[in-house]
Amino acid sequence: MTRVHLAQLLRRPLVGGDGEVVGRLSDVIVRLRGRDYPLVTGLVAKVGGREVFVSAEQVADLDEGKITLSSPRVDLRHFERRAREVLLRADVLGHRVIDVADVELVRAYDIELERRPDGWALTCLDTRRPPRLRGFPGGRAARPDWRDWKSFEPLIGHTRSAGVRGPFARLGRLKPADLADLLEDANRTESHEILQTVHADPELEADVFEELEPDSQTRLLRERSDAEIAQVIARMRADDAADAINDLPQSRRQPVLDALPAGQRTKVLTLMGFNPSSAGGLMALDVLTMTGSSTVAAALRAAGEARALQPEALTSVYLVGEAQRLRGVVTLVELLQADPVARLDDVADRDPVRAGPDTDVEDVALLMTDYNLLTVPVVDDEHRIVGVITVDDVLDVVIPEDWRRREPAPHPAHHVEEPGRGGSPHDRPPGS
């Protein structure tokens with residue numbers, strides 16, 4: 001198969017069938033096709049100081065030395081970019097794209113085009129930075145790292161063209177924490193485009209904002225209107241929502257609170273009354289409680305139907321008596337292993353570990369370590385359960401800041417199942 005590289009094609013002459021030079025190549029236009037390779041639909045040529053469009057149907061051959069046209073006649077009207085057109089030099093070459101497998105932003109240093117049955121298509125990217133001294137006498141040129149285009153998600157700076165990827169593309173397959181990592185590494189333009197894609201799923205968008213570091217979260221929220229901030233915060237966990245609002249400029253907190261749904265606003269205001277680094281400031285307010293006379297089967301059924309509770313807080317069922325006073329706890333594993341008709345009073349721990357709302361988070365961490373707990377209930381002075389604190393929230397606070405900023409561990413590979421082209425570009429022999 002014939003392959004050419006964009007870096008070598010640019011500024012090459014366009015030659016008509018009569019051998020006359022018509023102009024020089026300025027850019028290559030492609031159309032994204034979802035799961036298939038982007039198809040070349042035309043060229044942008046520089047003719048006499050102006051950029052004009054040359055249809056792909058007029059291109060007889062692409063060669064790194066010259067581009068041969070089937071006819072020397074071209075339309076000399078000034079090229080005007082249309083919506084949904086992607087320009088490889090302007091939008092991809094030298095720009096960063098998302099490596100979906102490794103969940104990182106990498107730069108496209110060159111682009112490979114391949115002649116296929118339906119025309120020329122973009123099939124590979126070279127993401128290895130070329131050395132400054134490539135070609136220096138006695139130096140060794142680094143071998144390009146050609147990788148399949150389907151391993152990447154493009155970031156298209158042209159707003160009217162970005163929609164060609166569809167509302168989700170492959171970003172929807174990444175975990176919220178992975179998307180948050182991408183946003184923290186992205187520049188302003190890149191982050192806006194990633195968020196535009198994530199915005200198609202409001203629940204995912206809220207999960208991503210929960211995973212962002214406070215500085216990044218505040219920076220991205222502040223660029224939105226009060227109503228837009230409220231739309232995101234309304235879907236966040238109440239403890240994360242309270243932290244997000246506390247981190248906003250004071251002049252914007254009340255307008256955002258006023259725009260929240262009543263239920264979320266009540267939860268957020270409750271949590272904002274506690275020190276953010278205390279058990280009360282970190283706890284989740286939604287807890288699964290039942291009476292001791294309930295059966296194991298009823299508790300398991302209630303846990304299965306508790307879809308509104310955050311999964312991290314749903315590790316146990318808490319037994320309560322009069323006025324929601326905490327009387328015991330039983331884990332879901334213990335429920336699964338118990339007789340379905342047994343009463344909760346008979347299988348529960350009747351003296352559960354607990355914390356008060358003002359308990360320092362480091363003390364909560366010690367309790368979790370000493371008793372091997374994933375959650376700790378939070379009770380008031382009357383021993384009434386008011387919330388539950390989860391181990392992930394504790395770790396967010398107690399992990400030192402310098403640990404957070406260390407070089408992250410490599411991501412396990414994300415397998416992106418896409419139809420191949422009969423062999424991975426990674427399997428090519430050197431120099432092919």
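Residues numbered from 1 in each chain as written. Predicted model: local features only at pLDDT ≥ 70, side-chain atom pairs only at ≥ 80, totals over all residues. Heavy atoms only, no water.

1. What to know about the overall build of the protein chain
Each helix and strand in the protein chain was counted, giving 18 helices and 19 strands. Burial status across the protein chain gives 44% buried among its 432 residues. Accessible surface, the protein chain: about 22,300 Å² in total, of which carbon and sulfur atoms supply 49%. (Helix = DSSP H or I, 4+ residues; strand = E, 2+ residues; numbered from the N terminus. Buried < 20%, exposed > 50% of the residue type's maximum accessible area, 1.4 Å probe, protein only. Areas by Shrake-Rupley, 256 points an atom, 1.4 Å probe, with all protein chains shown as cover.)

2. Points about the pattern of salt bridges
Overall, the coordinates contain 27 salt bridges when judged by the stated rule. The partner of Arg3 in a salt bridge is Glu112, with the nearest N and O atoms 3.5 Å apart. Of this pair, Arg3 sits in strand S1 (residues 3–5) while Glu112 sits in strand S11 (residues 110–116), placing them 109 residues apart in sequence. When its relative accessible area of 31% is taken as the criterion, Arg3 is described as partly exposed. (Salt bridge = Lys/Arg side-chain N within 4 Å of Asp/Glu carboxyl O.)

3. Notes on the packing of helix H8 (residues 226–233) against helix H10 (residues 250–259)
Here H8 crosses H10 at 60°, and the two axes come no closer than 8 Å. Judged by the inter-axis angle, H8 sits oblique to H10. Regarding H8 and H10, the two cross each other, and that crossing is right-handed. Residue-level inspection shows Asp226, Ile229, Ala230 and Ile233 of H8 in contact with H10, the latter providing Arg252, Pro255, Val256 and Ala259. For the contact of H8 with H10, a count of residues per class yields 6 nonpolar, no polar and 2 charged. (Axes fitted to C-alpha atoms, helices over the stretch in contact; angles between N-to-C directions. Parallel < 35°, antiparallel > 145°, perpendicular 65-115°, else oblique. Left-handed = near helix turned anticlockwise from the far one by under 90°. Contact = heavy atoms within 4.5 Å. Nonpolar A, V, L, I, M, F, W, Y, C, P; charged D, E, K, R; others polar.)

4. Some remarks on the sheet that holds strand S16 (residues 316–320)
Reading across the sheet, the 3 strands line up as S15-S16-S17 and stay open at both edges, with mixed pairing between neighbours. One side of each edge strand has no neighbouring strand; the edge strands of this open sheet are strand S15 (289–290) and strand S17 (326–331). Looking at chain direction, S15 and S16 are connected through 2 bridges and run parallel. Looking at S16, one finds that Met290 is bridged to Leu319. (Pairing = 2+ DSSP bridges.)

5. What about the packing of aromatic side chains?
Counted according to the given criterion, the structure contains 0 aromatic pairs. In this structure, Lys150 is placed above the aromatic ring of Tyr37, and the distance from its NZ or CZ to the ring centre is 4.1 Å. (Phe/Tyr/Trp six-rings, centres within 6.5 Å; stacked < 30°, edge-to-face > 60°. Lys NZ or Arg CZ within 6 Å of the ring centre and 35° of its normal.)

6. Here's the deal with the pairing of strand S12 (residues 119–126)
Of all 8 residues making up S12, 7 are buried, and the element is well covered by its neighbours. As judged from the 7 bridges shared by S11 and S12, these two strands associate in the antiparallel manner. The partner of Glu112 across the bridge, within S12, is Cys124. Counted between consecutive antiparallel strands, the loop separating S11 from S12 contains 2 residues.

7. A few points about the nonpolar core
Grouped together as the largest cluster of nonpolar side chains are 50 residues, with contacts concentrated most on Leu179, Leu182, Ile194, Phe209, Ile233, Met236 and Ile389. For this core, the element with the most residues is helix H9 (residues 238–246), which contributes 5 residues. The residues touching Ile233, leaving out its near neighbours within four places in the chain, are Ala241, Ala244, Ile245, Val256, Leu260 and Gln264. (Core = buried A, V, L, I, M, F, W, Y, C linked by side-chain atoms within 4.5 Å.)

8. Some thoughts on the sheet that holds strand S10 (residues 104–107)
Pairing is antiparallel across the open sheet formed by 3 strands, whose spatial order is S10-S9-S14. The open sheet has two edge strands with one neighbour each: S10 and strand S14 (152–153).

9. Structural notes on the side chain of Gln310
Mapped onto the elements, Gln310 comes out in the loop between helix H13 (296–305) and S16. The exposure class of Gln310 is buried, given its relative accessible area of 12%. Within the structure, Gln310 has its side chain in polar contact with the side chain of Arg237 (distance 3.4 Å). Beyond its immediate stretch of four places on either side in the chain, Gln310 contacts Arg237, Asp239, Ala284 and Thr390. (Polar contact = N/O pair within 3.5 Å; in protein donor to acceptor, adjacent residues only side chain to side chain.)

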